[in-house]
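The chain contents come next:
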Amino acid sequence: MKKFRSNKLAIFLFTFPALLLFIVFVFIPILQVFAYSFTKWNGISAPEFTGLKNYIRLFTDKVFYTSNKNMFIFAILVTVYQMVFATIFAIAVSDAKIKGRKFFRVAYFIPVVLSVTVVCQLWLSILNAESGLLNTMLRSLGIDFQQNWLSDRYKSIYAIAFVNAWQWMGYQFALIVAGIKTISTDYYEAAQIDGANAAIAHRKITIPLLAETYKSSLIIAITGGIKAFTEMYIMTKGGPGTSTYTLAYMMYSSAFRSKEYGYGLAAASMLVLECLAAIIVINAVFKSNDLDAVKKKKRRLFA
Amino acid sequence: MRSKWEKLWIGCLLVIWGCTILTACATKEPTVIQTEEEEPVTLTIYAQYADEDTKFPYDYAAKKLKEAYPNVNLVLDIQAQDDGQKLQTYAITGNLPDIYQAGKQQIEAFKESGNIMLLNNVVESTGFDEKVSEEAKNILYDEQGNVYAFPYAGNEVVLWYYNKDLFDKYGLTVPKTFEELLTVIKVFQEHDVIPMALFGKEKWITTAFYDVIATRYESGGINSLDNGEVKELNEGYRKAAQVISELAAAGMFPQNVTNLNYDQAAELFYSGKAAMMLNGQWEMESAYQKMGDSVDWMYYPSYSEEAYEAGKEAWAGGGTIGGYAVNPNSSNCELAAKVAAFIAEKYCEAKYLYRSNPFVTVKITKEPVNSFNGMTTRLLEATKDVSYTRFTWGLSNAIFKTEIEDQTQLLLTAQYSQEEFCEEMNKILEDMQTE
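Residues numbered from 1 in each chain as written. Chains lettered and ligands numbered in written order. Predicted model: local features only at pLDDT ≥ 70, side-chain atom pairs only at ≥ 80, totals over all residues.

**Student:** Hey, could you go over the overall build of chain A for me, with residue numbers and the actual values?
**Tutor:** Secondary structure assignment for chain A yields 14 helices and two strands. Referenced to the eigenvectors of the C-alpha coordinate spread, the extents of chain A come out at roughly 70 × 70 × 40 Å. Here chain A, with 303 residues, has 34% of them falling under the buried criterion. Contacts spanning at least 24 positions in sequence make up 68% of the contacts within chain A whose residues lie at least 6 apart. (Helix = DSSP H or I, 4+ residues; strand = E, 2+ residues; numbered from the N terminus. Buried ≥ 20, exposed ≤ 12 C-beta atoms within 10 Å, placed from the backbone. Contact = placed C-beta atoms within 7 Å.)

The following block contains the structure:
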């Protein structure tokens, strides 16, 4: 292995194809996004350099703030829902005593394999204010909580975020189940001997040992929330008005509806930066947690 | 260890998967290029082909083309409902079809980038200009007097449909004023009838509704805002927003109006669950087939009876340049131009003769197969010498179009005030002046 790692040519040959693809299809387009964001461009004619004009306009645009607010709501709701339920379900199906584990394992994952369009259509029917299943059910149960789920200026973003969270929860669930499987049963047996019940054992063993899995899950959930687009496009077309715009939708609307590609790409640049910032913050949080753990360990050793 | 059969199955699946990917990645068959006109020529056409109203006229035109130009093989690429993204991508990547349907904004953008053919000579050589009716000349020529597309749709209008039976059942008369309209809304609500089914998920119709109300105060409607005649929302435009807010608050629309699509709205109207509906005049034939004499259209209500009478000559809608355009970089652009003119003419013929739609560009002298229904005949009379505004696809400023579509959709929610609407619209009008 040592000999292989010292072979620079081998390393180059194995990494170059992937690196080339990454540079051509990801890195260069991202650079282009930033470059074109400083221009006025209709997508066909030659772009005209306008300096920071698009960014100045972006920061004074109400839609930009609505988009950011929606993006945060979306990311937070998706993350909380997915992390909490995925953890509960994963722990439950990992327990050998639970009956029908295989069925639940498949059932929780089914929404993930469905097409987003199918899921959105399904929820469009359920959330229909006039004849949808949800309002009809609430009405028949005598609960006065019928809502205008998708045409309410203030609430529709929550309904859309829920649809996304519901669909992709299974993905996080699969990651956490896989993570739990890697934990040795010895820890749980030791905890049992020490008198810990199941809840304490999971709090003290499962969750801390899943830190790396949670880190990946968090990055997926948060960045997924930040770049949300499809659900808005299918379910509300960003409406009512601009109420369910996210940065990704704003980018689409500016570029393809208003034919302002330069402005749309300025929104896209902000989207890239926000995704990067989210990843940096998550990494920093997990890193500081790791350092705290090491410090605690050292303190215990020297005590 | 995997069994032999398992390996065979996996192998087969991999081969199928590979073939699928290769097929999907394959490029379109290139256009058959033949220089001799009598030799087979394949032309690609990017055109609307979504419902009966677009499928039938296209098929009719394609069939007639086969008779007139037997050597031309027309390959249809169905137009996507995507705000012109696909066409724009074709243009950027140099893959524009030989003939394509283009609206005003695309024509303007493609003129700059050299992706659209100037058709002035073809219009004369094919005699297309003489076939176009006088009222539709505004749709053929742009502001500079040039032709870039062969149009087929005439000066179409936004129509306010209503269910006569429901109005009779509840002893209501057609509202002439907004006050009367509010009474109508109240009565229908009391009887669990949705007053108006508006497919507000499509933002053009929310703009059309604003335009309908705005033309009661300002006959130029949204067109005057788009072309810069009005630099700030005046009293009329503000009042129009106020009226819509009030109507929405009174419960004129279904709760999920901004999420209602055309099929759902039409179903509500046809089934008698909704009493009124707004759409273009092209809805007449379908509505008549579904509802017979129960359906009719009304003049737009106004703020007073005098204004109602005076406003009968101001219609929301109207035609704009657009239609079948030609790719100047096509190897057969001259032939493609002739074919585009032919298709446009036959498209009009099909709509007029078989779809009972007289709102076409070309004069048709033959009698329609099914005589026009009462609504159509009355509308033909009513729209003589009238003024028009624009449908959103005819607006020249894409930024204004996006903004007014979003803002008018918000107005329907009854959670958006007239002040908020005016503030946002004035901001965009100011930006347009600066630009």
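**Student:** So, the overall build of chain B: which residues are in play, and what are the values?
**Tutor:** Per the secondary structure count, chain B includes 19 helices and 10 strands. At 24 Å, chain B has a C-alpha radius of gyration in line with the 22 Å of a compact globule built from 435 residues. Dimensions of chain B, computed from the C-alpha atoms along their principal axes, are close to 75 × 70 × 50 Å. With 435 residues in all, chain B has 48% of them scored as buried. Contacts in chain B between residues at least 24 apart in sequence constitute 77% of all its contacts with a sequence separation of at least 6. (Rg over C-alpha atoms; globule rule 2.2 N^0.38 Å.)

**Student:** Report on the packing of helix α4 (residues 62-94) of chain A against helix α11 (residues 211-226) of chain A, specifying residues and quantitative values.
**Tutor:** Residue and element names in this part refer to chain A. Running from N to C, α4 and α11 point in directions that differ by 150 degrees, and their axes come no closer than 7 Å. Crossing hand, α4 versus α11: right-handed. Mapping the contact onto sequence places Met71, Phe74, Ala75, Val78, Thr79, Gln82 and Met83 in α4 and Ser217, Leu218, Ala221, Ile222, Gly224, Gly225 and Ile226 in α11. Among the residues making up the contact of α4 with α11, the classes are represented as nine nonpolar, five polar and no charged. (Axes fitted to C-alpha atoms, helices over the stretch in contact; angles between N-to-C directions. Left-handed = near helix turned anticlockwise from the far one by under 90°. Nonpolar A, V, L, I, M, F, W, Y, C, P; charged D, E, K, R; others polar.)

**Student:** Can you break down the domain arrangement of chain B residue by residue, with the values?
**Tutor:** Residues and elements named next belong to chain B. What the domain assignment lists for chain B is domain 1 (41-148 + 321-375) and domain 2 (158-318 + 389-434). Once you take the C-alpha centre of each, domain 1 and domain 2 turn out to be 30 Å apart. Contacts between the two partners involve 11 residues from domain 1, matched on the other side by 11 residues from domain 2. Looking at the side of domain 1 that touches domain 2 residue by residue, the classes come out as two nonpolar, five polar and four charged. (Domains from an automatic or database assignment.)

**Student:** Break down helix α12 (residues 235-250) of chain B for me, with residues and values.
**Tutor:** Residue and element names in this part refer to chain B. Between its terminal C-alpha atoms α12 stretches 22 Å, which fits the 22 Å expected from 16 residues at 1.5 Å a residue. Within the span of α12, buried status applies to Tyr237, Ala240, Ala241, Val243, Ile244, Ser245 and Leu247. The secondary structure elements touched by the buried residues of α12 are α9 (178-190), α10 (203-217), α18 (398-411) and α19 (418-434). Backbone geometry just downstream of α12 places Gly251 in the positive-phi region, at approximately 95 degrees. (Expected span 1.5 Å × (residues − 1).)

**Student:** Please give an account of helix α4 (residues 104-113) of chain B that cites residues and values.
**Tutor:** Three or more residues of α4 of chain B are buried, namely Lys104, Gln105, Gln106, Ile107, Ala109 and Phe110 of chain B. Looking at the buried residues of α4 of chain B, the elements they touch are α3 (85-92), β3 (99-102), β9 (323-326) and α18 of chain B.

**Student:** An account of the interface of chain A and chain B is requested, with residue identities and associated values reported.
**Tutor:** In this complex, chain A contributes 23 residues to the contact, which on the side of chain B involves 26 residues. Of the residues assigned to the side of chain A that touches chain B, the class counts are five nonpolar, 12 polar and six charged.

**Student:** Give me the packing of helix α5 (residues 101-113) of chain A against helix α8 (residues 156-181) of chain A: which residues, what numbers.
**Tutor:** Think of two packed helices as two axes; the pair is described by the angle between the axes and how far apart they sit. All names here are of chain A. Where α5 contacts α8, the two axes come as close as 6 Å, and the packing angle between them is 130 degrees. On the basis of their axis angle, the class for α5 and α8 is oblique. At the point where α5 passes α8, the crossing takes the left-handed sense. Each of Arg105, Tyr108, Phe109, Ile110, Pro111 and Val112 in α5 lies in contact with α8, whose residues at this interface are Trp166, Gln167, Trp168, Gly170, Tyr171, Phe173, Ala174 and Val177. (Parallel < 35°, antiparallel > 145°, perpendicular 65-115°, else oblique.)

**Student:** Break down the confidence of the model for chain B for me, citing the residues and quoting the values.
**Tutor:** All names here are of chain B. The pLDDT averaged across chain B works out to 90; a share of 93% of its residues lies at or above 70. Counting contacts from residues 25-36, a segment whose pLDDT is below 50, to residues more than four positions away or on other chains yields 11 contacts. For this predicted complex, the interface confidence score (ipTM) comes to 0.85, while the overall pTM stands at 0.86. (pLDDT = per-residue confidence, 0-100.)

**Student:** Could you give an account of the sheet that holds strand β5 (residues 194-197) of chain B, with specific residues and numbers?
**Tutor:** Residue and element names in this part refer to chain B. Strand order in the open sheet formed by four strands is β5-β6-β4-β7, and the pairing between neighbours is mixed. Each edge of the open sheet is held by one strand with a lone partner, namely β5 and β7 (295-298). Averaged over all pairs of adjacent strands, the angle between strand axes in this sheet comes to 25 degrees, irrespective of strand direction. Of the strand pairs in this sheet, β5 and strand β6 (residues 274-280) are connected by three bridges, and their pairing is parallel. If you follow Ile194 over to β6, its bridge partner there is Ala274. (Pairing = 2+ DSSP bridges.)

**Student:** Describe unusual backbone geometry, with residues and values.
**Tutor:** Along the chain, Gly239 of chain A connects to Pro240 of chain A via a cis peptide bond; the corresponding omega equals 0 degrees. Mapping Pro240 of chain A onto the fold places it in the loop between α12 (230-235) and α13 (247-257). In this model, Lys237 of chain A sits at a positive phi of 55 degrees, which is unusual for a non-glycine residue. Counting through the fold element by element, Lys237 of chain A comes out in the loop between α12 and α13. For Lys237 of chain A, a count of 21 C-beta atoms within 10 Å corresponds to the buried category. In this structure, Asp385 of chain B takes a positive phi of about 50 degrees despite not being glycine. Assignment of secondary structure puts Asp385 of chain B in the loop between α17 (374-382) and β10 (387-388).

**Student:** Residue-level account of the sheet that holds strand β1 (residues 41-47) of chain B, with values.
**Tutor:** Pairing between sheet strands relies on hydrogen bonds along the backbone, with the strands arranged either parallel or antiparallel. Residues and elements named next belong to chain B. Strand order in the open sheet formed by four strands is β2-β1-β3-β9, with mixed pairing between adjacent strands. Because the sheet does not close on itself, it has two edges, and the strands there are β2 (72-78) and β9. Looking at each pair of strands side by side, their axes are set apart by 30 degrees on average, direction ignored. Both β1 and β2 contribute to a ladder of seven bridges, which runs parallel.

**Student:** Lay out the environment of Leu172 of chain B in plain terms, naming residues and giving numbers.
**Tutor:** All names here are of chain B. Along the chain, the position of Leu172 falls in the loop between α8 (164-169) and α9. Using a count of 16 C-beta atoms within 10 Å as the deciding quantity, one classes Leu172 as partly exposed. Once the C-alpha coordinates of Leu172 and Val187 are considered, the two residues, 15 residues apart in sequence, prove to be 8.5 Å apart. For Leu172, the residues in contact, after removing those within four places along its chain, are Phe167, Val184 and Val187.

**Student:** Any details on the nonpolar core? Residues and values, ideally.
**Tutor:** Residues and elements named next belong to chain B. Formed by 69 residues in total, the largest nonpolar core has its most connected members in Tyr161, Met196 and Leu198. Looking at which element gives the most residues to this core, the answer is α10, with nine residues. Leave out the neighbours within four places in its chain, and Met196 touches Met252, Phe253, Ala274, Met276, Met277 and Leu278. (Core = buried A, V, L, I, M, F, W, Y, C linked by C-beta atoms within 7 Å.)

**Student:** Could you give me a rundown of the environment of Lys64 of chain B, with the residues and numbers involved?
**Tutor:** Note that Lys64 of chain B resides in helix α2 (residues 52-68). Between the C-alpha atom of Lys64 of chain B and that of Gly322 of chain B, which follows or precedes it by 258 residues, the distance is 22 Å.

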